Amino acid sequence: MKKEIWFYIGGLLSFFLSTLFIPQGISDFARAAALDNPVPSGAGLTLGIGALLVVVAIALLASGYVIRRKSLNTTRTYGSDDPDEITRQRPTQGYTNRQEWMDRPPNHMGNNTGHKRD
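Trainee: Before we go on, may I ask you to explain the environment of Ile-22 in this structure?
Mentor: Mapped onto the secondary structure, Ile-22 falls in helix α1 (residues 3–35). Judged by its relative accessible area of 24%, Ile-22 is partly exposed. Along the chain, Ile-22 and Leu-47 lie 25 residues apart, while their C-alpha atoms are 5.1 Å from each other. Here Ile-22 is in contact with Leu-47, Gly-50, Ala-51 and Val-54, once residues within four sequence places are set aside.

Trainee: Honestly, unusual backbone geometry in this entry has me stumped. Any pointers?
Mentor: Leaving glycine out, the prevailing phi sign among residues is negative, and the prevailing peptide bond configuration is trans. Here the phi dihedral of Asp-36 falls at roughly 55°; this positive angle occurs in a residue that is not glycine. Here Asp-36 is to be found in the loop between α1 and α2 (43–74). Classification of Asp-36 by relative accessible area gives exposed; the value is 69%.

Trainee: Any chance you could explain a nonpolar patch on the surface here in plain terms?
Mentor: Taken together, the side chains of Met-1, Ile-5, Trp-6 and Ile-9 make up a nonpolar region of the molecular surface, amounting to roughly 440 Å² of accessible area. Relative to the helices and strands, Met-1 resides in the segment before α1.

Reading the values: the criteria
- Residues numbered from 1 in each chain as written.
- Predicted model: local features only at pLDDT ≥ 70, side-chain atom pairs only at ≥ 80, totals over all residues.
- Heavy atoms only, no water.
- Helix = DSSP H or I, 4+ residues; strand = E, 2+ residues; numbered from the N terminus.
- Buried < 20%, exposed > 50% of the residue type's maximum accessible area, 1.4 Å probe, protein only.
- Contact = heavy atoms within 4.5 Å.
- Patch = residues over 30% accessible without salt bridge, like charges linked within 9 Å, V, L, I, M, F, W, Y side chains within 5 Å.
- Areas by Shrake-Rupley, 256 points an atom, 1.4 Å probe, with all protein chains shown as cover.
- Salt bridge = Lys/Arg side-chain N within 4 Å of Asp/Glu carboxyl O.

Coordinates in, geometry out; function isn't part of it.
Right, dumping it as structure tokens:
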């Protein structure tokens, strides 16, 4: 598989694992606040691990995206010519090596210089 696919899979897996830690940490804090009990000792660690997994997931997904964009920008696709070549192909630039189809044929709209109807 391509490298960016592994980054995407790792990011999604990290997001999934964060759903196992963050709700538990929030639940511990909420239960302690509702019952006026002290916060359990592992609640902060659980919430911290979940937050760290979210940050890792965002970093992995962003890395996969950057690698994907970089690989797409380096490959030549249909119509991705050099800017100089595109400029040479414009009919308004006045180059002599223009294609024949770029020139309008003479009298392309018919002879409309004669008498007009009222």
